[in-house]
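In case you want the letters, here they are:
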Amino acid sequence: MFWSTTRFRIDLSRPQVMGIVNVTPDSFSDGGQHADAVSAQAHCEQLLAEGVDILDIGGESTRPGSATPSEVQELARVEPVLRHALTLGVPVSVDTSSPLVIRKALELGADIINDVRSLQRPGALDALVDSGVSAGVCLMHMQGEPATMQVAPAYDDVAGEVLAFLAQRLDALRARGVADERVVLDPGYGFGKTVAHNLELLRRQRELLALGLPLLVGLSRKSCLGTVTGRPVDQRLVPSVAAALAAVSLGARVVRVHDVAATVDALKVWQAAGLDS
Ligand code: 9MG
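Residues numbered from 1 in each chain as written. Predicted model: local features only at pLDDT ≥ 70, side-chain atom pairs only at ≥ 80, totals over all residues. Heavy atoms only, no water.

1. Some points on the overall build of the protein
On a plain count of helices and strands, the protein comes out with 9 helices and 10 strands. Relative to its length of 277 residues, the protein is compact, with a C-alpha radius of gyration of 17 Å against a globular reference of 19 Å. Dimensions of the protein, computed from the C-alpha atoms along their principal axes, are close to 40 × 40 × 40 Å. Expressed as a percentage of the 277 residues in the protein, the buried residues total 54%. Restricting to contacts in the protein with at least 6 residues of sequence separation, those with at least 24 account for 71%. As displayed, the protein has an accessible area near 10,800 Å², and 54% of this comes from carbon and sulfur atoms. Each charge sign in the protein was given a centre, from 25 positive and 32 negative side chains, and these centres are 1 Å apart. (Helix = DSSP H or I, 4+ residues; strand = E, 2+ residues; numbered from the N terminus. Rg over C-alpha atoms; globule rule 2.2 N^0.38 Å. Buried < 20%, exposed > 50% of the residue type's maximum accessible area, 1.4 Å probe, protein only. Contact = heavy atoms within 4.5 Å. Areas by Shrake-Rupley, 256 points an atom, 1.4 Å probe, with all protein chains shown as cover. Lys, Arg positive; Asp, Glu negative; His and termini not counted. Charge placed at Lys NZ, Arg CZ, Asp CG, Glu CD.)

2. Examining empty space enclosed by the protein
For the structure on display, the rule yields 1 cavity of 30 Å³ or more. Listed by contribution, the elements that provide at least two residues to the lining of the largest cavity are helix 8 (237-249) and strand 10 (252-257). Among the elements that take part in the lining of the largest cavity, helix 8 stands out by supplying 4 residues, more than any other. (1 Å grid on protein atoms, 1.4 Å probe; cavity = no way out; pocket = protein on both sides within 12 Å on 5 of 7 lines; lining within 4 Å. Points joined across faces, edges and corners; volume = space filled by probe spheres on them.)

3. Remarks on the packing of aromatic side chains
Scanning the entire structure with this criterion turns up 0 aromatic pairs. Geometry around F2 places R9 over its ring, the cationic atom sitting 3.9 Å from the centre. (Phe/Tyr/Trp six-rings, centres within 6.5 Å; stacked < 30°, edge-to-face > 60°. Lys NZ or Arg CZ within 6 Å of the ring centre and 35° of its normal.)

4. Re the site of the ligand
Lining the immediate surroundings of the ligand are T62, D95, N114, V116, C138, M140, D186, F191, L216, G218, K222 and R256. K222 places a polar side-chain atom, nitrogen or oxygen, 2.6 Å from an oxygen atom of the ligand. Side-chain polar atom of R256 to a nitrogen atom of the ligand: 3.3 Å apart, as the coordinates give it. Coverage of the ligand by the protein chains reaches 96% of its 300 Å² of free accessible surface. Residue composition of the shell around the ligand, by class: 5 nonpolar, 3 polar and 4 charged. (Near = heavy atom within 4 Å. Polar contact = N/O pair within 3.5 Å; in protein donor to acceptor, adjacent residues only side chain to side chain. Nonpolar A, V, L, I, M, F, W, Y, C, P; charged D, E, K, R; others polar.)

5. Concerning the nonpolar core
Of all hydrophobic cores here, the largest spans 65 residues; its most connected members are L55, I57, L82 and L119. At 7 residues, the largest contribution of residues to this core is made by helix 5 (residues 158-175). If near-sequence neighbours (up to four positions away) are discounted, L82 is found in contact with I57, V92, V94, A105, L108 and A110. If you look at the next biggest cluster of nonpolar residues, it comprises 10 residues, including L12, M18, I112 and L216. (Core = buried A, V, L, I, M, F, W, Y, C linked by side-chain atoms within 4.5 Å.)

6. With respect to helix 9 (residues 260-272)
Here helix 9 spans 18 Å end to end across 13 residues, near enough to the 18 Å set by a 1.5 Å rise per residue. For helix 9, the set of buried residues is V260, T263, V264, A266, L267 and W270. Around the axis of helix 9, the buried residues are gathered within 165° of arc, so they sit on the same side. Helix 9 presents K268, V269 and A272 as exposed residues on the side facing more than 90 degrees away from its buried surface. Turning to helix 9, the residues buried within the fold contact strand 3 (16-22), helix 1 (37-49), helix 8 and strand 10. (Expected span 1.5 Å × (residues − 1). Arc of directions from axis to C-beta.)

7. Description of the packing of helix 5 against helix 6 (residues 195-203)
Contact geometry for helix 5 and helix 6: axes closest at 9 Å, N-to-C directions at 75°. Taken together, the axes of helix 5 and helix 6 are roughly perpendicular relative to one another. Residue-level contacts link V158, A159 and V162 of helix 5 to H197, E200 and L201 of helix 6. Taken together, the residues of the contact of helix 5 with helix 6 sort by class into 4 nonpolar, 1 polar and 1 charged. (Axes fitted to C-alpha atoms, helices over the stretch in contact; angles between N-to-C directions. Parallel < 35°, antiparallel > 145°, perpendicular 65-115°, else oblique.)

8. Examining helix 5
Its 18 residues place the ends of helix 5 26 Å apart at the C-alpha level, agreeing with the 26 Å of an ideal helix rising 1.5 Å per residue. On the buried face of helix 5, the contacting elements are helix 4 (124-130), strand 7 (136-140), strand 8 (183-186) and helix 6.

9. Points about the packing of helix 1 against helix 2 (residues 71-85)
Between helix 1 and helix 2, the least distance of the axes is 9 Å, while the angle of their chain directions is 30°. Taken together, the axes of helix 1 and helix 2 lie roughly parallel to each other. When you trace helix 1 past helix 2, the crossing you get is right-handed. Of helix 2, the residues touching helix 1 (which contributes A37, A40, Q41, C44 and E45) are P80, V81, H84 and A85. Partitioned by chemical class, the residues of the contact of helix 1 with helix 2 number 6 nonpolar, 2 polar and 1 charged. (Left-handed = near helix turned anticlockwise from the far one by under 90°.)

Set out below in structure tokens:
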């Protein structure tokens, strides 16, 4: 199984580690440590040295309760880091919902658009399609919007509803000529979901493979891991690595993480043991 992106055909027979590069002043998980371009660029290089497979650069914090920056503000954060990351020889993803950022990122040569809103913002899907670039895409499920999504998330059947949403978004992309091999799907852990919803979704994650596309999963440092372990966000390395392994063993082919070195090591052991999903 491969993920077809702008410059790379990513081989998913080995689980891939996507490293998070937040260029935001208010990220929940790293406290805005890489908010300026120079330290974010250095962070890209650090993740590369740790064995990252894909870099994911984002200029909007999507933590619960966060405000959305203007598109111009978001682009100003992302662009210098993206330009640098594109010289490093690995696939580069841009985490954005903004049509302006999508358009500019694809113009600059970004390999993947990772959109927590699944290209539903007016103009987002047009920006992808009109670019003429065969970039990879990650479609993620979210109930609500970051500002309010954790107020009262509700489902009758969390896995069934996530699957139905992803199927509907996949159809929307197919209708615009986006080939399936460009698309991966993401259950959106922590996005409009209680801890119980997240844990049920993880247990039932294999149900999301029904659409025949690879799964990308992000659980790194998320608050559900804090609830399970009682650990604050700066002490969630072990829970995050355990969650990444659980996700891979339940069918994920890409894990989106902060702690690249530890996750790469864990996956090496997992693979050496001959475990595969
Ligand atoms: C940007 N972002 C934050 N969490 C995420 C997750 O779980 N998946 C994806 N695709 N993006 C995320």
